[in-house]
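# Topology and contacts: notes
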Amino acid sequence: SGLASYSRHCSRWLYAIMLPAFIISRRYCTSIAWQLSQRNDPSSSLAFASHHSRYKRSFRTAKPLYLNRILFDASEIDKEIETADDNALATVTFSKDDYRTIHVAKILGLQNGDTLRAGSVRSPNVEEGEVCNHELAGLITDDATITWLPEGKIKKAQPTKNGDPPGSLKISIPHPPQTSLWKERNATSTSENDDAADMDPMSDIPPVSLLLALPRPLQLGRILPMVAQLGIDQLVLTNARKVPKDYFGSHIFRKPEVLRGLLVEGLAQSGDVTLPNVTVTKRLKIFMEDEFDEMFPPGEVARVIAHPQRKDVVDRQKRMTDVEFPADKPRRILVAVGPEGGWEEPYELDMFTSKGFQQITLGTRVLRSDVAVVSLLALAHEVCATE
């Protein structure tokens with residue numbers, strides 16, 4: 001009993017000594033990190049202190065979004081415009097806790113009357129429905145005006161001292177020509193003798209499409225915003241011999257809004273508003289036999305398959321700059337990227353070759369799917385722009 005009493009006594013003293021030491025060291029480390037953040041970027045010190053005060057709550061939920069254009073769905077457009085906004089083509093109101101409202105307050109720090117870049121997302125996949133056919137779907141403007149709508153105890157219509165939004169955010173979309181409507185851009189791009197078609201970068205459909213053997217769900221979550229940033233017309237997510245079947249059970253496919261949200265994140269970064277057409281197929285061979293030629297006509301689209309170069313191969317293999325395009329047609333290209341284990345040899349490679357695919361390589365290095373996709377899409381855009 002004496003030994004047990006002595007042990008409890010020592011434990012109490014050890015706890016009494018270590019707890020204050022832990023608290024002091026933690027505060028010291030926090031102070032040093034705050035000073036470093038202020039030294040590197042004085043404007044970030046306030047955001048650092050605000051973030052640290054609630055790090056436990058936001059560690060697993062906060063996600064940095066880099067928005068170069070505030071995007072919204074056509075269904076989010078206000079049905080009625082107030083009298084004060086009669087000069088606006090449309091208005092959109094975001095709630096206080098919406099990530100776009102927080103971005104405008106914390107990152108951009110905009111005040112009432114300031115302007116920002118905005119646009120409404122257009123989904124080519126959906127051919128029917130009110131949202132897709134909305135006349136304002138696909139609009140783009142660089143002159144949208146913001147108005148803060150204070151809520152609760154906050155009276156000032158401006159971000160608070162710690163950068164939080166004072167309430168809801170209303171964005172007013174101006175009338176043309178300050179706003180470019182998708183129908184007008186589409187009509188402009190199809191006219192032959194209109195110089196404005198070359199001036200509007202959003203009037204052209206991206207000339208690059210991607211056929212991607214499904215990577216790991218975590219990796220796919222990184223790839224989708226990247227391909228939307230670079231710009232693609234068609235995205236085909238397919239199975240392959242080396243793709244585990246359970247990849248198609250990912251939450252990205254069980255919840256379509258997740259996949260769409262990842263693509264929208266990439267659009268917001270690039271400033272575009274048109275989502276790519278997304279096709280998901282679990283049977284690659286059947287897709288190649290039944291739907292492929294209709295989706296990618298052989299006389300209009302160059303077909304390319306990427307595969308690592310074997311070290312024992314002496315002959316020079318094709319690179320992206322060596323790809324042959326259909327004659328007398330605008331340059332359009334489809335890039336097929338396999339899983340990290342590569343396309344199965346020879347079965348899958350022969351199947352693609354029989355469909356007119358030109359095999360190219362990025363060298364002997366075996367790349368991860370995300371690195372290969374970004375590299376190949378960048379090269380594909382470059383060769384399509386060089387005629």
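Residues numbered from 1 in each chain as written. Predicted model: local features only at pLDDT ≥ 70, side-chain atom pairs only at ≥ 80, totals over all residues. Heavy atoms only, no water.

Below, the discussion takes up the overall build of the chain. Helix and strand counts for the chain stand at 13 helices and twelve strands. Counting only residues that meet the buried cut, the chain has 40% of its 387 residues in that class. Long-range contacts, defined as pairs at least 24 residues apart, comprise 74% of the intrachain contacts of the chain with a sequence gap of at least 6. In the form shown here, the chain has an accessible surface area of approximately 22700 Å², with 53% of it arising from carbon and sulfur atoms. (Helix = DSSP H or I, 4+ residues; strand = E, 2+ residues; numbered from the N terminus. Buried < 20%, exposed > 50% of the residue type's maximum accessible area, 1.4 Å probe, protein only. Contact = heavy atoms within 4.5 Å. Areas by Shrake-Rupley, 256 points an atom, 1.4 Å probe, with all protein chains shown as cover.)

The subject of this paragraph is the packing of helix 7 (residues 217-230) against helix 13 (residues 369-385). The interhelical angle for the contact between helix 7 and helix 13, taken along N-to-C directions, is 10°, at an axis separation of 10 Å. Regarding the angle of helix 7 to helix 13, the classification is roughly parallel. Together, Q219, R222, I223, M226, V227 and L230 of helix 7 and S369, D370, V373, V374, L377 and H381 of helix 13 make up the contact between the two elements. Looking at the contact of helix 7 with helix 13, its residues break down into seven nonpolar, three polar and two charged. (Axes fitted to C-alpha atoms, helices over the stretch in contact; angles between N-to-C directions. Parallel < 35°, antiparallel > 145°, perpendicular 65-115°, else oblique. Nonpolar A, V, L, I, M, F, W, Y, C, P; charged D, E, K, R; others polar.)

Side chains carrying opposite charge are able to pair once their charged atoms draw close together. Across all of its chains, the model carries twelve salt bridges by this definition. Across the pair K106 and D164 runs a salt bridge, and its minimum N-O distance is 3.1 Å. With K106 in helix 4 (residues 99-108) and D164 in the loop between strand 4 (140-150) and strand 5 (167-174), this pair connects stretches of sequence that are 58 residues apart. For K106, a relative accessible area of 32% corresponds to the partly exposed category. With its nearest N and O atoms 2.9 Å apart, the salt bridge here joins E344 to R241. Taken as a pair, E344 in the loop between strand 11 (333-337) and helix 12 (347-354) and R241 in the loop between strand 8 (234-238) and helix 8 (251-254) lie far apart in primary sequence, 103 residues in all. Several salt bridges converge on common partners, so that one network encompasses R69, R117 and D142. (Salt bridge = Lys/Arg side-chain N within 4 Å of Asp/Glu carboxyl O.)

Under the definition given, this model contains six aromatic pairs. Within the aromatic cluster, the residues linked to one another by ring pairs are F287, F292, F296, W343, F352 and F357. For R241, the ring lying beneath its charged end belongs to Y347, and the centroid distance is 4.5 Å. (Phe/Tyr/Trp six-rings, centres within 6.5 Å; stacked < 30°, edge-to-face > 60°. Lys NZ or Arg CZ within 6 Å of the ring centre and 35° of its normal.)

Let us look at the environment of T93. With respect to the helices and strands, the residue T93 is situated in strand 2 (residues 88-94). When its relative accessible area of 33% is taken as the criterion, T93 is described as partly exposed. Distance from T93 to I77, taken between C-alpha atoms, is 7.5 Å for residues 16 residues apart in sequence. Beyond its immediate chain neighbours, meaning those up to four positions away, T93 contacts D78, L149, S168, L169 and K170.

Reading across the sheet, the six strands line up as 9-8-7-11-10-12 and stay open at both edges, with parallel pairing between neighbours. Two strands close off the open sheet at either side, each with one partner strand: strand 9 (277-281) and strand 12 (358-360). The mean angle between the axes of side-by-side strands here comes to 20°, regardless of whether they run parallel or antiparallel. (Pairing = 2+ DSSP bridges.)

The interhelical angle for the contact between helix 7 and helix 9 (residues 256-270), taken along N-to-C directions, is 40°, at an axis separation of 7 Å. The angle between helix 7 and helix 9 falls in the class oblique. Along this stretch, helix 7 crosses helix 9, giving a crossing that reads as right-handed. Of the residues in helix 9, those in contact with G221, L224, P225, V227, A228 and Q229 of helix 7 are L259, L262, L263, E265, G266, L267, Q269 and S270. Here the contact of helix 7 with helix 9 is composed, by residue class, of eight nonpolar, five polar and one charged. (Left-handed = near helix turned anticlockwise from the far one by under 90°.)

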